[in-house]
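# What the coordinates show
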Amino acid sequence: MEKGKGVMGSGRRWAVDFTDNSTTPSTRDIADPPGFSRASQDQDDSTLSRQKKDAEANWKSQKAWEVAQAPFKNLMMMGFMMWMAGSTVHLFSIGITFSALWQPISALQGVGKVFEPYKDSKVDLLGPKLLFIALNLGGLALGVWKLNTLGLLPTHASDWVSSLPPALEVEYSGGGIPLQ
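Residues numbered from 1 in each chain as written. Predicted model: local features only at pLDDT ≥ 70, side-chain atom pairs only at ≥ 80, totals over all residues. Heavy atoms only, no water.

Once that is clear, we can look at the environment of leucine 131. Relative to the helices and strands, leucine 131 is located in helix H5 (residues 126-150). What makes leucine 131 partly exposed here is its relative accessible area of 26%. For leucine 131 and glutamine 69, which are 62 residues apart along the polypeptide, the C-alpha to C-alpha distance reads 7.1 Å. Excluding residues within four positions of it along the chain, leucine 131 makes contact with Trp65, Ala68 and Gln69. (Helix = DSSP H or I, 4+ residues; strand = E, 2+ residues; numbered from the N terminus. Buried < 20%, exposed > 50% of the residue type's maximum accessible area, 1.4 Å probe, protein only. Contact = heavy atoms within 4.5 Å.)

Attention now goes to the pattern of salt bridges. Inspection of every chain in the model, using the stated rule, returns four salt bridges. Where aspartate 54 meets lysine 122, a salt bridge forms, and the shortest distance between an N and an O atom there is 2.9 Å. Highlighted residues: aspartate 54 in helix H2 (residues 41-85) and lysine 122 in the loop between helix H4 (111-114) and H5, separated in sequence by 68 residues. Taking the shortest distance from any N to any O, the salt bridge between glutamate 116 and lysine 119 comes out at 3.6 Å. By relative accessible area, which is 44% here, glutamate 116 ends up partly exposed. (Salt bridge = Lys/Arg side-chain N within 4 Å of Asp/Glu carboxyl O.)

Right, let's talk about helix H3 (residues 91-109) for a bit. Between the first and last C-alpha of H3 there are 27 Å, a value that for 19 residues agrees with the 27 Å anticipated at 1.5 Å per step. Considered for burial, the residues of H3 that qualify are Ser93, Ile96, Thr97, Ala100, Leu101, Pro104 and Ala107. Within H3, the buried residues cover an arc of 140 degrees as seen down the axis, which keeps them to one side. Facing away from the buried side of H3, by more than 90 degrees, are the exposed residues Leu91, Phe92, Trp102 and Gln109. (Expected span 1.5 Å × (residues − 1). Arc of directions from axis to C-beta.)

Soluble globular proteins tend to bury their nonpolar side chains together. Of all hydrophobic cores here, the largest spans 10 residues; its members are Ala57, Ala64, Ala68, Ala107, Val111, Phe115, Tyr118, Val123, Leu125 and Phe132. Every residue in contact with phenylalanine 115, bar those within four places of it in the chain, is listed here: Ala64, Val67, Ala68, Leu125, Pro128, Lys129 and Phe132. Grouped together as the second largest cluster of nonpolar side chains are five residues, Met78, Ala85, Ile96 and Ala100 included. (Core = buried A, V, L, I, M, F, W, Y, C linked by side-chain atoms within 4.5 Å.)

With that out of the way, let us pick up H5. If you check H5, its first and last C-alpha atoms are 36 Å apart, about what 25 residues at 1.5 Å a residue would give, namely 36 Å. Those residues of H5 that sit buried are Pro128, Phe132, Leu135, Asn136, Gly139, Gly143, Lys146, Leu147 and Leu150. In the stretch just after H5, glycine 151 is the one whose phi turns positive, near 80 degrees.

Before going further, it helps to spend a moment on the UniProt feature "transmembrane region" (unreviewed entry) in the protein chain. In the numbering adopted here, UniProt assigns the feature "transmembrane region" (unreviewed entry) to residues 80-105 and 125-145. In residues 80-105, helix accounts for 81% and strand for 0%; the two terminal C-alpha atoms are 19 Å from one another. Taken end to end, residues 125-145 has its terminal C-alpha atoms 30 Å apart, with 95% of it in helix and 0% in strand. (UniProt positions renumbered as here; feature names shortened; annotations may be inferred.)

Quick look at the structure:
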């Protein structure tokens, strides 16, 4: 149905056709009100819809950047909680540390779902996604650092003693040179 045409042909009797089909000069002699133009309404509609699409794309881009920066707040909160937990190994500090590890891992697995509502042909999501990934990797690094601070990472040779083969017994003769 064209714009401005009534729905008379659709079988509805109560519909009214508001198009001006009169050709009498009396209706054309009246001046248009200020701000009104008889230009094609289709052009105005296309311009208006393009402006709406641009505004929507702008809004989506802005919201995508806000979502991408959200892990920074979580990073600060988690860092404060880890600092408050201290460096001794107990249930609270281990729980906070594993929470600090789990949250970024689960966020990194769902990057596509997080930015799905903002997907648009006019919106570039590469920058926000990269920032989101970088901040979550920072949170993961903070959790790994806390694991190391608690001494739960095997970083010393003594942590791997159980995986070494047993030592061989060596017999010594009186000369100080071991025999094998």
